[in-house]
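Residue-level listing of the chains:
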Amino acid sequence: KVKTGLAQMLKGGVIMDVVNAEQAIIAERAGACAVMALERIPADMRKSGQVCRMSDPHMIKEIMAAVSIPVMAKVRIGHFVEAQILEALQVDYIDESEVLTPADWSNHIEKNSFQVPFVCGAKDLGEALRRINEGAAMIRTKGEAGTGDVSEAVKHINKIRGEIQLYKETLTKESDLAAKASELRVPVELLKTTIENGKLPVVNFAAGGVATPADAALLMQLGCEGVFVGSGIFKSSNPDKLARAIVEATTHYDNPKKLLEVSSDLGDLMGGISIQSINEAANKNGTRLSEIGW
Ligand code: PLP
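Just so you know, these numbers come straight off a predicted model, no measurement behind them.

## Here's the deal with the sheet that holds strand 6 (residues 138-141)
Next up, step 1: The parallel open sheet is built from eight strands, whose spatial order is 7-6-5-4-3-2-1-8. Here the strands that pair on one side only, and so sit at the sheet edges, are strand 7 (203-205) and strand 8 (227-229). This sheet shows a mean twist of 30° between the axes of neighbouring strands, independent of strand direction.
Next up, step 2: In this sheet, strand 2 (residues 34-37) lies alongside strand 1 (residues 14-18) in parallel orientation, the contact comprising four bridges. When the bridges of strand 2 are listed, Met16 appears paired with Val35.

Structure, rendered in structure tokens:
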């Protein structure tokens, strides 16, 4: 029942945020496996403090026309009508994203009733499995989008993998499994297969705060199957070079010599904002996107 299909083809790749056709072409030439079409990258949404919605379908269509790689676009959490519109537009994937302002604070989209594959964010195993049970074909860590601080993405991937390992060791009785599944609000069969396979039943990417080739390789070494790069690339002084370097680093993530080569002379990277300073700022546009919801 779990949808995997198309998303498997993205494995090992880099998905880049782009706001126009020109950036999409740069991403495609650099070797991105897909692009995420959006009006504003997370770093700018974060600053704006405004309600962030699905992008204008017209701009998404221009990006679809400009490249031959798959195009993804974001809808607000729970906004199934935005998803109907993007499905009618025939985007390749929909991201039900916490980076936009949630439309429903209790329910995510019932993704099983759509043909188009969805990607959803998760901070822990329960969240990942709930999204998969709703029909998500791909999971990404939430990380902390728009910051250039990779630490939250690291936290989320370690949490998901750690929980799978822990449950493998501790949930030995059927009754323990059933109790945990009920606590996580997921079918016991889904939890069971995940534990047996030692991994999520769908492709698991990293996202949120990835800004350098080393960040991408770090998340790959921690067990992710690909990365999303949002604000990092087009907030840097040489997007073309950085985009290529991040693709190379994701492919050769366990080859330090190659990583050394692609990490050099990248110009000015995204300035970024650390998680610590967001915590200190508390309000004033300092909300943590990954903590939206519960
Ligand atoms: N993430 C966001 C952004 C949310 O708004 C919510 C709540 O609706 C959740 C996650 C939590 O959903 P769940 O508990 O089903 O994983």
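## Examining helix 3 (residues 57-66)
One turn of the α-helix equals 3.6 residues, which is why residues spaced by three or four share an orientation.
Next up, step 1: Within the sequence span of helix 3, burial applies to Met59, Ile60 and Ile63. Within helix 3, the buried residues cover an arc of 100° as seen down the axis, which keeps them to one side. Looking at helix 3, the residues exposed on the side facing more than 90 degrees away from the buried face are His58, Lys61 and Ala65.
Next up, step 2: In this structure, the buried side of helix 3 is in contact with strand 1, helix 1 (21-30), strand 2, strand 3 (71-76) and helix 4 (80-89).
Next up, step 3: Among the residues of helix 3, the N-terminal cap falls to Asp56, whose side-chain oxygen and the backbone nitrogen of His58 are separated by 2.8 Å.

The rules behind each value
- Residues numbered from 1 in each chain as written.
- Predicted model: local features only at pLDDT ≥ 70, side-chain atom pairs only at ≥ 80, totals over all residues.
- Heavy atoms only, no water.
- Pairing = 2+ DSSP bridges.
- Helix = DSSP H or I, 4+ residues; strand = E, 2+ residues; numbered from the N terminus.
- Axes fitted to C-alpha atoms, helices over the stretch in contact; angles between N-to-C directions.
- Buried < 20%, exposed > 50% of the residue type's maximum accessible area, 1.4 Å probe, protein only.
- Arc of directions from axis to C-beta.
- Contact = heavy atoms within 4.5 Å.
- Polar contact = N/O pair within 3.5 Å; in protein donor to acceptor, adjacent residues only side chain to side chain.

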